[in-house]
Amino acid sequence: MAPRSAKFNRFTGLFGDALERCGANVVAYKPWLADIAQQDIVLYHWPHRLFEGEGFLHRLKTLTRLLMARWRRNTRIVWVAHNVTQHEGNADPSLMERLLVRNLDGIVYLSETSRNLVHSTYSTAGGIVELVTVHGAYESEPPQPFLPPGAREPVRLLNFGLVRPYKNLDDLVRAAGQLDAATAEVTICGRRHDREYARTLDRAAAGLDSVRMALSDDIVPDKDLDRAIDASHGVVLPYRDILHSGAAIHALSRGRPVLVPAIGAMPELAELMGDRWVQLYADELTVDVLDGFARHARTIPASAVPDLEQLSWQRVERDLSGFLARLMAV
């Protein structure tokens, strides 16, 4: 039972499919005690979304329903820990989030880093069932084979996803604007999730030959997004703060190298995939960092593909099968 579908994230659907292949019957979350108590497991991905509403009383009722189902009907509560706290806004977990985590029966981590951060941020119950697995690759249409740019062709770099301040796109525009457009160019593609921030980026990019803004008021369809990734030579994701990156996994799934800061679980991802496919940088994103990534993309052989075995859903399913067995035995 999932708390809600995430309109802007493919992962939740793929994760639900994996659970069903493990034998679970996945249904949509309904926020009423009678519905919650009918489930063996309530699984949620982003705890703060459970408590969105009109005030303290609404959040208290939400928490009370979950805990009553747990205490009276033995419903297990599980968190898939994408993030330790919200990307934006108050960085500290709310009281309700802390109380919920304190009463969890299980946590699924997508990296060892996330496990360590959750343990340092929250107080969890003794005997909680834990699993450290990976963020599975995105399975879709086969990607176009990697084709390095010609000697006189600029390296095409891409950033994609929802336009939000934590993604640090203002620094990307600033650094990309200093590139020689004849050797490298950056396209920023995505939905104007934060419209004021998007307007700021549009103004900053105006007149820059090496920066192309391709923003939309609507979600970019999956096929269009895949085509944009396939047309690139590499993907740049200069987060200010991040734990896991679905965008990095998406790019790797399409056979494109990524440039990410050495924060959160990104070093773990680089260790899994190798430095051909995951390039890390420390501190600030600069034109030299971007230029180095562009030069790196020129060294990748034609038709080279990353080994995604470590990110396979078969691995995730094996991990989840054991986790569910342990969870239901408690």
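First, a word on scope: everything that follows refers to the structure included in this document. (Residues numbered from 1 in each chain as written. Predicted model: local features only at pLDDT ≥ 70, side-chain atom pairs only at ≥ 80, totals over all residues. Heavy atoms only, no water.)

On strand E1 (residues 41-44), burial covers both faces: Ile41 and Leu43 on one face and Val42 and Tyr44 on the other are all buried. Strand direction decides the pairing type here: E1 and strand E2 (residues 76-81), joined by four bridges, are parallel. Residue tyrosine 44 lies in a different strand from E2, and its bridge partner there is tryptophan 79. (Buried < 20%, exposed > 50% of the residue type's maximum accessible area, 1.4 Å probe, protein only. Helix = DSSP H or I, 4+ residues; strand = E, 2+ residues; numbered from the N terminus. Pairing = 2+ DSSP bridges.)

So, on to the sheet that holds strand E7 (residues 211-216). Spatially, the six strands line up as an open sheet ordered E7-E6-E5-E8-E9-E10, and their pairing is parallel. In this open sheet, the two edge strands, each paired with only one partner strand, are E7 and strand E10 (278-281). On average, each strand axis in the sheet is tilted by 25 degrees relative to the strand beside it, whichever way the strands run. For strand E8 (residues 234-236) and strand E9 (residues 258-261), the ladder comprises two bridges, and the chain directions are parallel. The partner of valine 235 across the bridge, within E9, is valine 258. (Axes fitted to C-alpha atoms, helices over the stretch in contact; angles between N-to-C directions.)

What follows deals with the side chain of arginine 76. Position of arginine 76 relative to the elements: it lies in strand E2. Of the buried charged residues, arginine 76 lacks a salt bridge, with aspartate 40 as the closest side chain of opposite charge at 5.4 Å. Within the structure, arginine 76 has its side chain in polar contact with the backbone oxygen of leucine 327 (distance 3.5 Å). Setting aside residues no more than four positions away along its own chain, arginine 76 makes contact with Asp40, Ile41, Val42, Asp105, Leu327, Met328 and Val330. (Lys, Arg positive; Asp, Glu negative; His and termini not counted. Salt bridge = Lys/Arg side-chain N within 4 Å of Asp/Glu carboxyl O. Polar contact = N/O pair within 3.5 Å; in protein donor to acceptor, adjacent residues only side chain to side chain. Contact = heavy atoms within 4.5 Å.)

For the structure on display, the rule yields five aromatic pairs. Between tyrosine 44 and tryptophan 79, the aromatic rings sit 6.4 Å apart at their centres with planes inclined by 5 degrees, giving stacked as the arrangement. With tyrosine 44 in strand E1 and tryptophan 79 in strand E2, the pair connects residues that are 35 residues apart, well separated along the chain. One aromatic cluster is present, formed by Phe11, Phe15 and Trp313 through successive ring pairs. One Lys or Arg, arginine 49, reaches over the ring of tryptophan 46 and ends 4.7 Å from the middle of that ring. Just above the ring of tyrosine 122 sits the side chain of arginine 98; from NZ or CZ to the centre is 5.8 Å. (Phe/Tyr/Trp six-rings, centres within 6.5 Å; stacked < 30°, edge-to-face > 60°. Lys NZ or Arg CZ within 6 Å of the ring centre and 35° of its normal.)

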